[in-house]
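# A closer look at the structure
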Amino acid sequence: MKIKNVGIVVGLISLGIFYFLINPNEVNFFPKCPLYGVTGFYCPGCGSQRATHQLLNFNIFGVLQQNLLYFVSLLILGYHLIVTGINTIFKKHIYNYIYHPKTPLVILVIILIFGVLRNIPYYPFNLLAPN
């Protein structure tokens, strides 16, 4: 089990270094979005590879240009890690709203609305499309 965990960590670090060094805008071997390739519509995840590259190079504005939802998901992940860390380290019982029964439904609605809005070709919605 420990070898598996070490392999996962080494793989994630290698992938992070890969995305740090290579800009997906400049090469063609990164996987393309199948929804965009077939329909021409941006999915809610379009631009995430470019956003990862921008994030690893500390370009927050570049992350926001590629995928606003990616940045929001990082904030939600940060909230979850902070609350879990406080509860674990300080033996607190702060309620983590990530575990609320309606949270998955709210997240699904946000993802669907974002997916629709980023495909509207008029200002200000066209700002949601990846650059």
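Just above, that's the structure.
Here's what I pulled together on the structure shown here. Computed from a prediction, not measured in an experiment: that's the story for all the values here.

## Quick notes on the overall build of the protein chain
Broken down by element type, the protein chain carries six helices and zero strands. With respect to the three principal axes, the spread of C-alpha positions in the protein chain is 50 × 35 × 25 Å. Residue burial in the protein chain is summarised as follows: out of 131 residues, 21% are buried. The long-range fraction of contacts in the protein chain, counting pairs at least 24 apart against all pairs at least 6 apart in sequence, stands at 42%. Accessible surface for the protein chain amounts to roughly 9,600 Å². Of this, 75% is attributable to carbon and sulfur atoms.

## A word on the packing of helix α1 (residues 2–21) against helix α3 (residues 48–56)
Put simply, α1 and α3 touch, their axes get as near as 8 Å, and they point 90° apart. The angle between α1 and α3 places the two elements in the roughly perpendicular class. Here α1 contributes G16, Y19 and F20 to the contact with α3, which in turn contributes Q49, T52, H53 and L56. Of the residues contributing to the contact of α1 with α3, the split by class is three nonpolar, four polar and no charged.

## Quick look at the side chain of R118
Note on placement: R118 falls in the segment after α6 (103–117). Despite its burial, R118 pairs with no opposite charge; the closest candidate is E26, at 19 Å N-O. In this structure the side chain of R118 is engaged in a polar contact, spanning 3.4 Å, whose partner is the backbone oxygen of Q66. In contact with R118, other than residues within four places in its own chain, are Y42, C43, P44, G45, C46, Q66, N67, F125, L128, A129 and P130.

## Looking at α3
For α3, every residue scored as buried is listed here: A51, T52, H53 and Q54. Elements that come into contact with the buried residues of α3 comprise α1, α4 (60–66) and α5 (68–89). Among the residues trailing α3, F58 stands out with phi positive, at a value near 60°.

Conventions adopted
- Residues numbered from 1 in each chain as written.
- Predicted model: local features only at pLDDT ≥ 70, side-chain atom pairs only at ≥ 80, totals over all residues.
- Heavy atoms only, no water.
- Helix = DSSP H or I, 4+ residues; strand = E, 2+ residues; numbered from the N terminus.
- Buried < 20%, exposed > 50% of the residue type's maximum accessible area, 1.4 Å probe, protein only.
- Contact = heavy atoms within 4.5 Å.
- Areas by Shrake-Rupley, 256 points an atom, 1.4 Å probe, with all protein chains shown as cover.
- Axes fitted to C-alpha atoms, helices over the stretch in contact; angles between N-to-C directions.
- Parallel < 35°, antiparallel > 145°, perpendicular 65-115°, else oblique.
- Nonpolar A, V, L, I, M, F, W, Y, C, P; charged D, E, K, R; others polar.
- Lys, Arg positive; Asp, Glu negative; His and termini not counted.
- Salt bridge = Lys/Arg side-chain N within 4 Å of Asp/Glu carboxyl O.
- Polar contact = N/O pair within 3.5 Å; in protein donor to acceptor, adjacent residues only side chain to side chain.

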